[in-house]
Amino acid sequence: MDRIIIRGGNRLQGRIQISGAKNAALTLLPCALLTDEPLTLRNLPRLADVDSFGHLLNQLGVSTMVEGAKADEFGRVMTLRASNITSTVAPYDIVRKMRASILVLGPLLARAGEATVSLPGGCAIGNRPIDLHLKALEALGARIELTAGYVKAIAPDGGLRGGTINFPVVSVGATENALMAAVLAKGVTTIENAAREPEITDLAKCLIAMGARIDGLRTDTLTVHGKDRLHGATYSVMPDRIEAGSYACAAAITGGTLELKGASKETMPSILSGLSDAGLIVEDVPGGIKVSADGKLRPLSLSTAPFPAFPTDMQAQFMSMLSLADGTSLLTETIFENRYMHVPELIRMGADIEVRGRSAVVRGVDKLIGAQVMATDLRASMSLILAGLAAEGETQVNRVYHLDRGYERLEEKLQAVGADIERVSDG
């Protein structure tokens, strides 16, 4: 089992290349199921989740080829081709590792007329039901059966048909599945109360590059004019706004200055606003964003909510940063009910945090102290890395396999800007 050792106290300075977005990549990969022609994705991050999704697609009959990848390169170019779908079953042994596997449901159903997908797994951060995914597909005429831990979806004779999908609450994954299913449905589909996350727009742009017709990008109403078939395309994955925000917090918590090369401010307005409100200087620079600490951090009141509001995937990182702020911060988590599992570990390092139901009161302290801590999920892992960068002494972060699901070559990027950090394998 690997662990990461950090000797904190170094002020980070320099440039970090932001990788392709994990959440966008996992949405673009299943688009390959929608056509028998090649789909080439550029700027794919080197992540465990991307590899797992590739293995899942292989089992469904999709060939995958990585072009010219070098060990010292960030990102990859992968060409996927589903000339023939050889299986419509996404098995438990793969799906249990990664919740995003549910995203093969819509495109498999649209292309092959049926799909059987194991109920998904992923980080244990709270209840994430898939009922909205299923209701969306039912609105397009699908028949849904739940049996032995699997979802089986069957299209009506003649294939899926256009319809109106009105989500009672915003769901990123359900919007993605609905969008991929609707592009091959007969007629027009309207998706109301659709998620507006940048990753949704990235998916829509990729589908449009493949020949789909989608109106209403960046709004909460998407109109899809179904096509008989899509064609191949070449598309680049958007930069990872959560990775960029995480490294911005690293600059903040260490009193440093980092240039985030490739970061897109349009995709992270609430993150940058929060950083500015906390006292950071945020500047546009050619090809990215520059974040600089400017004295003591200021406390904040933040509440997570769907885009364009503050993202739940940044809550843990901001909590670490605000543990050293000059005053008391209030964070409220409205998306997932179990996303404060990093709090006990931060308290072990000297943070003063009190959880009150869905809210956490963070009273700023003068310093954090290195300790042995355990990561519980992907973003919690990053919050502990951030705390370790600022803490006095040595911090050991255990169970870092979570990090490999969402941060490409994290130690290498941090070492390059002055962090004393290393990965140690226990065998």
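Bear in mind the structure is a predicted one, so any value in this text is a computation, not a measurement. (Residues numbered from 1 in each chain as written. Predicted model: local features only at pLDDT ≥ 70, side-chain atom pairs only at ≥ 80, totals over all residues. Heavy atoms only, no water.)

Draft legend 1. Representation of the sheet that holds strand E23 (residues 394–398) in the model. The strand order E22-E23-E1-E24 describes an open sheet built from 4 strands, whose pairing is mixed. Both edges of this open sheet fall to strand E22 (372–374) and strand E24 (420–425), since each of them pairs with a single strand only. Here the strands of the sheet are splayed against their neighbours by 25° on average, with no regard to which way each runs. Judged from the 3 bridges that link them, E22 and E23 form a sheet pairing that is parallel. Each bridged residue has a counterpart across the sheet, and for Met-374 the counterpart in E23 is Asn-398. In this fold helix H12 (residues 378–390) packs onto strand E1 (2–7), E22, E23 and E24, with an angle of close to 30° to the strand it touches most, E1. (Pairing = 2+ DSSP bridges. Helix = DSSP H or I, 4+ residues; strand = E, 2+ residues; numbered from the N terminus. Axes fitted to C-alpha atoms, helices over the stretch in contact; angles between N-to-C directions. Contact = heavy atoms within 4.5 Å.)

Draft legend 2. Structural view of the sheet that holds strand E5 (residues 76–81). As summarised here, the arrangement of the 4 strands in space is E4-E5-E3-E14, forming an open sheet in which the pairing is mixed. Among the strands making up the open sheet, the edge pair consists of strand E4 (63–66) and strand E14 (233–236). Direction aside, neighbouring strands of the sheet carry axes that sit 20° apart on average. The pairing of strand E3 (residues 39–44) with E14 spans 4 bridges and is classified as parallel. Each bridged residue has a counterpart across the sheet, and for Arg-42 the counterpart in E14 is Ser-236.

Draft legend 3. Structural context of the UniProt feature "binding site: UDP-N-acetyl-alpha-D-glucosamine" (unreviewed entry) in the protein chain. Per the UniProt record, the feature "binding site: UDP-N-acetyl-alpha-D-glucosamine" (unreviewed entry) sits at Arg-99, Arg-128, Pro-129, Ile-130, Asp-131, Leu-132, Asp-313 and Ile-335. Along the chain, Arg-99 falls in the loop between helix H3 (92–95) and helix H4 (105–112). As for its placement among the helices and strands, Ile-335 is situated in the loop between strand E19 (328–332) and helix H11 (343–348). Of the residues examined, Ile-335 reaches a relative accessible area of 31% and is grouped as partly exposed. (UniProt positions renumbered as here; feature names shortened; annotations may be inferred. Buried < 20%, exposed > 50% of the residue type's maximum accessible area, 1.4 Å probe, protein only.)

Draft legend 4. Structural context of H4. The element H4 is extensively covered by neighbouring structure, given that 6 of its 8 residues are classed as buried. Among all positions in H4, only Leu-105, Gly-106, Pro-107, Leu-108, Leu-109 and Ala-110 are buried. Among the residues trailing H4, Gly-113 stands out with phi positive, at a value near 85°.

Draft legend 5. The nonpolar core, seen in detail. Of all hydrophobic cores here, the largest spans 78 residues; its most connected members are Leu-29, Val-104 and Leu-207. Not counting residues up to four positions away in its chain, the partners in contact with Leu-29 are Leu-41, Leu-44, Val-50, Phe-53, Leu-57, Met-78 and Leu-80. If you look at the next biggest cluster of nonpolar residues, it comprises 69 residues, including Ala-252, Met-268, Val-397 and Tyr-407. (Core = buried A, V, L, I, M, F, W, Y, C linked by side-chain atoms within 4.5 Å.)

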